[in-house]
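# Coordinate analysis (summary)
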Amino acid sequence: MSAEERRESVIRAAITEFARGGYAATSTEAIARRVGVSQPYLFRLFPNKQAMFLAAADRCLADTRKVFSDAAEGLEGEEALHAMATAYQRLIVDDPDKLLMQMQMYAAVAAAEASGDHEFGESARAGWLQMWDQIHPVLGADVNETTTFLAYAMLVNTLTSLGFPAGHRVWSGFYDSARPIA
């Protein structure tokens, strides 16, 4: 396997490990074990644990942006909104580590900010801003539509993370395309 292929394997493993254990509780040893390499080899690919976490967070956001982009291709406005909402529900059902990684990213950035580390979140904020910039024109360049879409997406994240099943009353105010896939 080339170094680039190994790096890719590390990012995938890091998403899984950080998604399940969070930043603080995940060891680089667990990531190395999942990939099948030594810890020292990890540090030839990434300078430190933080770089692995940020690469995993960046990939998670990039994958989400791609899901939105693919779903909205050739669509605009409400059609794009519903296509993106449905595609996002499919993503978090098919790959729940993507949802968990997002939630861990938000928690890790908030913890870093609270402790005075404002640099840690720069990459995550940049990835989120790219998402905003990507979907904003698709939703008619309407700030309210973009804000509402992303607000509902975050509520989907929260309710799904809390384990509310499809069909529960908490989902009743969502448009059908944003409700969980049973």
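Residues numbered from 1 in each chain as written. Predicted model: local features only at pLDDT ≥ 70, side-chain atom pairs only at ≥ 80, totals over all residues. Heavy atoms only, no water.

## Brief notes about the packing of aromatic side chains
All chains considered together, the criterion is met by 10 aromatic pairs. A centroid spacing of 5.0 Å and a plane angle of 75 degrees characterise the contact between Tyr 23 and Phe 53, whose relative ring orientation is edge-to-face. Here Phe 53 lies in helix H4 (residues 49-72) and Tyr 23 lies in helix H1 (residues 3-25), a separation of 30 residues in the sequence. Ring geometry for Tyr 152 against Tyr 175: centres 5.8 Å apart, planes inclined by 45 degrees, an arrangement best described as tilted. Residue Tyr 152 is found in helix H8 (residues 143-161), and its partner Tyr 175 is found in the segment after H8; the two are separated by 23 residues along the sequence. (Phe/Tyr/Trp six-rings, centres within 6.5 Å; stacked < 30°, edge-to-face > 60°. Helix = DSSP H or I, 4+ residues; strand = E, 2+ residues; numbered from the N terminus.)

## As for helix H6 (residues 96-114)
In this model H6 runs 27 Å from its N-terminal to its C-terminal C-alpha over 19 residues, within 8% of the 27 Å that 1.5 Å per residue would give. Taken together, the buried positions of H6 are Asp 97, Lys 98, Leu 99, Met 101, Gln 102, Met 105, Ala 108, Val 109 and Ala 112. If you follow the buried residues of H6, they end up packed against H1, H4, helix H5 (77-94), helix H7 (122-138) and H8. Where H6 ends, the next residue or the one after it, Gly 116, has phi of about 95 degrees, a positive value. (Expected span 1.5 Å × (residues − 1). Buried < 20%, exposed > 50% of the residue type's maximum accessible area, 1.4 Å probe, protein only. Contact = heavy atoms within 4.5 Å.)

Purely geometric stuff here, so don't read any function into it on its own.
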